[in-house]
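Each chain, written out:
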Amino acid sequence: MKMKAAIIWAPQTDWSVEEVELDPPKAGEVLVKLVGSGLCHSDEHLLTGDMTVPDETAKELGLQQFPVIGGHEGAGEVVEVGPGVTSLQPGDHVVFGFIPACGRCPSCSTGHQNLCDLGAFLLAGRQVTDFTARHHARGQDLGIMCCIGTFGEYTVASEASCIKIEKDIPLDKAALVGCGVTTGWGSAVYAAGVQTGESVIVIGCGGVGMNAVQGAAMSGARHVIAVDPVEFKREQAQFFGATHTASSIEEATALVMDLTWGQMADKTIITVGVGDPNLIQPALLATKKGGRVVHTSVAPMEMQNVPMDLFSLTLMEKQLVGSIFGSANPRRDIPRLLRLYQEGKLKLDELVTKTYPIEGINEGYQDMRDGKNIRGMLIY
Ligand SMILES: NC(=O)c1ccc[n+]([C@@H]2O[C@H](COP(=O)([O-])OP(=O)(O)OC[C@H]3O[C@@H](n4cnc5c(N)ncnc54)[C@H](O)[C@@H]3O)[C@@H](O)[C@H]2O)c1
Ligand SMILES: [Zn+2]
Ligand SMILES: [Zn+2]
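Residues numbered from 1 in each chain as written. Chains lettered and ligands numbered in written order. Predicted model: local features only at pLDDT ≥ 70, side-chain atom pairs only at ≥ 80, totals over all residues.

> Please clarify how the pairing of strand β18 (residues 352-356) should be interpreted in this entry.
Note: β18 against strand β19 (residues 375-379), four bridges, orientation parallel. By the bridge assignment, T355 is partnered in β19 with M377. (Pairing = 2+ DSSP bridges. Helix = DSSP H or I, 4+ residues; strand = E, 2+ residues; numbered from the N terminus.)

> What is the right way to look at the sheet that holds strand β8 (residues 140-141) in this model?
The pairing of strands in a sheet happens through backbone hydrogen bonds and is either parallel or antiparallel. If you walk across this open sheet you meet the six strands as β8-β7-β2-β1-β4-β9, and the pairing is mixed. Edge positions in the open sheet fall to β8 and β9 (143-144), since each of these has one partner strand only. Inspection of the sheet shows strand β2 (residues 16-22) paired to strand β7 (residues 135-137) by two bridges, in the antiparallel sense. Note on β7: the bridge partner recorded for E21 is H136.

> Help me understand the site of ligand 1 in this model?
Near ligand 1 you find 32 residues, and of these H41, G204, G206, V208 and V298 are the closest. Contributions of two or more residues to the shell around ligand 1 are made by α1 (41-48) and α5 (180-191). Considering every element that reaches the shell around ligand 1, the biggest residue donor is α1, with three residues. Here the shell around ligand 1 is composed, by residue class, of 14 nonpolar, 16 polar and two charged. Each of domain 1 (2-178 + 348-379) and domain 2 (185-323) gives at least three residues to the shell around ligand 1. (Near = placed C-beta within 6 Å. Nonpolar A, V, L, I, M, F, W, Y, C, P; charged D, E, K, R; others polar. Domains from an automatic or database assignment.)

> Mind showing me how you'd approach the environment of R292 here?
Looking at the secondary structure, you find R292 in strand β16 (residues 287-295). According to the C-beta neighbour criterion, R292 is buried, with 20 such atoms within 10 Å. As a C-alpha pair, R292 and D266 span 26 residues in sequence and 6.6 Å in three-dimensional space. Residues in contact with R292, not counting those within four places in the same chain, are A192, K267, T287, Q319 and V321. (Buried ≥ 20, exposed ≤ 12 C-beta atoms within 10 Å, placed from the backbone. Contact = placed C-beta atoms within 7 Å.)

> Teacher, can you tell me more about the environment of A217 here?
Assignment of secondary structure puts A217 in helix α6 (residues 209-218). Owing to 18 C-beta atoms within 10 Å, A217 belongs among the partly exposed residues under this scheme. Sequence-wise, A217 and G241 are 24 residues apart; in three dimensions their C-alpha atoms are separated by 5.4 Å. Beyond its immediate stretch of four places on either side in the chain, A217 contacts V224 and G241.

> How should I be thinking about the packing of α5 against α6 in this particular structure?
When two helices pack together, their arrangement is captured by the angle between the axes and the distance separating the axes. Contact pair α5 / α6: the axes reach a minimum separation of 7 Å and the direction vectors enclose 45°. For the element pair α5 / α6, the angle class is oblique. The interaxial crossing formed by α5 with α6 has right-handed handedness. Contacts from G180, V181, G184, W185, S187, A188 and V189 of α5 reach α6 at G209, M210, N211, A212, Q214, G215 and A216. Looking at the contact of α5 with α6, its residues break down into seven nonpolar, seven polar and no charged. (Axes fitted to C-alpha atoms, helices over the stretch in contact; angles between N-to-C directions. Parallel < 35°, antiparallel > 145°, perpendicular 65-115°, else oblique. Left-handed = near helix turned anticlockwise from the far one by under 90°.)

Listed below in structure tokens is the structure:
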């Protein structure tokens, strides 16, 4: 079949919206008609080249990253299933998990679906079922971001990437839980393990960070200090549960020192748009003895050095941990978060500042760079 999708042909070029030829699903795969897709910063990393697998490595692994259809925060309706698909049928509503969860590997079988072994192929750009392509344009095979490629009207993906949800949940809101909501909320609830009465700093309040604010507040934090240089984000953060705001980590450090009588934050969560090595030491300084810093932002791949005070890390028993997909189990947490939304306990509607047709994708990302959106969203 033919459909429209947004492609990056090479890093540092704009998104190109064009006609794509999509093959029917093969064994273990499903064809999904998408409702829309959130504009997460991780696709921007694809565009800037921050997330480009070096040529040599790609060759060694037999990967072909570009050209690639972006998008990994989508939801839709199953239209057709390939042979051997057992958990889904046409008409089912699904959210795409941005990391497939096979259910059988050591990580999945021990309650760490966010670390599923199939995650190794997130940037491989091919179906995780047989490593071939279903998407083609201009006579070439196309990659798909995170094994799904949600910047298109339809996609074919493995059953492992699909989480079935109730049909009465609006799919355009459910899409957000496929990445930003679960990642941010889980960064606070699971990775940081925020407890009642704690003081929490969230650095960077976009589509991911706003949900870390929301998760920290839901966990009963006493102080949730939302840090963002953009005034609109700071204003919005208060609506999502921030008790205080600051425009920089330095300002937040002074604030938390005052609020806690010098004890500092129990947990600090980093969700800025581009991971920055120079934010680590300030984040550790703002965090108390025995406290934890969670790094959720994606940093450019080639960045390998972080200036930090290792002496104090040891003597003050501070923790610095990474987190992917909010350290959540998508098969449990996606339906769980959507339930909280239905019960009015989790805000999703308010996360979407502006929607765009697929042709508006470059404008949507420009609005992200300009700090205008909590989340922009393509609606097909
Ligand atoms: N670990 C994961 O599983 C995972 C999943 C999704 C996204 N991410 C990453 O999380 C990050 C955030 O994604 P997003 O979609 O929310 O991005 P976004 O662009 O919507 O939001 C980033 C926010 O950070 C703010 N910011 C930038 N520099 C700052 C600074 N020095 N101090 C305070 N605030 C600052 C910006 O003003 C913006 O509001 C990105 O790096 C993205 O790639 C990681
Ligand atoms: Zn994302
Ligand atoms: Zn697995």
